[in-house]
Amino acid sequence: MRAPIRVVVVDDHPVFLLGMTSLLGTLDGVEVVGGAESAARALEVVTAETDIVLMDIELGDGSGIEVTAQLRARFPALAVLMVTMHDADAALVAAVRAGARGYLVKGATPEEVERTVRAVAAGGVVLGSAVGDRALGLLASAGTSRARAFPQLTDREHEILDLVAAGWDNAAIARRLVLSQKTVRNYVSSVLTKLDAPSRSAAVVRARDAGLGVHDGAR
């Protein structure tokens, strides 16, 4: 007999958490082994025995994207399916970079939820054709435009520096990348240290000289 697909649901909205848990509980071969309403609790509940995490992209005490990155580092075989109200480019790219294997909007039908969960459990990557094309295009353009500048920075730090150079403040960056402002501040501090820049404005000058900071979209 095949082992059930062991799922943990993470969402800071109790009604959605309960509803998704109930839905998954009706599916053959799927077992909900835990639930969490916060980033901190998710890091406690998910174990090496978990097969899939349905992860809310925005949590009250943190970012589901950051939790995904931490869980994937801890459990490389874990499949994470992002669940969100949004399909914003930045959030999508960040989720894929963090290791998410799927991306599902909260308006999905029960049939779509089941199909996506089973596909991800089988090793697939499920983003949908439109979303998948956007993710691939955005990741490719991000990589080619920034690979030559400041190799000492991580991909996320490049992304932060690019937005800083474009004049975005920490609050706007946090909203765009679905991060906490504290996390953004930490990234900016790391960037300044790695660039040996005495101030944010000095980092902006260096970044713009390197071709960063050309960014569209409302802040």
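Residues numbered from 1 in each chain as written. Predicted model: local features only at pLDDT ≥ 70, side-chain atom pairs only at ≥ 80, totals over all residues. Heavy atoms only, no water.

A.B. asks: I'd like a description of the confidence of the model for the protein chain, backed by residues and values.
C.D. replies: Where the model shows low pLDDT, its predicted coordinates should not be examined in detail. Looking at the protein chain as a whole, the pLDDT averages 84, with 84% of positions reaching at least 70. At the low end of the mean pLDDT range in the protein chain sits helix 6 (residues 129–146), at 54; at the high end sits strand 1 (residues 5–10), at 97. (pLDDT = per-residue confidence, 0-100. Helix = DSSP H or I, 4+ residues; strand = E, 2+ residues; numbered from the N terminus.)

A.B. asks: Hey, could you go over unusual backbone geometry for me, with residue numbers and the actual values?
C.D. replies: In this structure, V178 is a non-glycine residue whose phi angle is positive, near 55°. The topology assignment puts V178 in the loop between helix 8 (170–177) and helix 9 (181–195). The backbone phi angle of D196 is positive, close to 55°, even though this residue is not glycine. Relative to the helices and strands, D196 resides in the loop between helix 9 and helix 10 (200–209). For D196, a relative accessible area of 68% puts it in the exposed group. (Buried < 20%, exposed > 50% of the residue type's maximum accessible area, 1.4 Å probe, protein only.)

A.B. asks: An account of the side chain of T50 is requested, with residue identities and associated values reported.
C.D. replies: Checked against the element boundaries, T50 lands in the loop between helix 2 (39–45) and strand 3 (52–56). T50 gets classed as buried once you look at its relative accessible area, which sits at 7%. Beyond its immediate chain neighbours, meaning those up to four positions away, T50 contacts R6, V8 and L78. (Contact = heavy atoms within 4.5 Å.)

A.B. asks: Can you lay out the pattern of salt bridges for me, pointing to particular residues and giving the numbers?
C.D. replies: For side chains bearing opposite charge, pairing can occur when the charged atoms are close. Tallying each qualifying case throughout the model produces nine salt bridges. With a shortest N-O distance of 3.7 Å, E66 and R156 are connected by a salt bridge. Residue E66 is located in helix 3 (residues 64–74), and its partner R156 is located in helix 7 (residues 155–165); the two are separated by 90 residues in the primary sequence. For the salt bridge of E114 with R118, the shortest nitrogen-to-oxygen distance reads 3.0 Å. In this pair, E114 and R118 both sit in helix 5 (residues 110–121), four residues apart, roughly one turn of the helix. Under the relative-accessibility criterion, E114 is labelled partly exposed at 28%. For R118, a relative accessible area of 30% gives the class partly exposed. Ionic contacts of the salt-bridge type, sharing partners, join the residues R6, E49 and D51 into one network. (Salt bridge = Lys/Arg side-chain N within 4 Å of Asp/Glu carboxyl O.)

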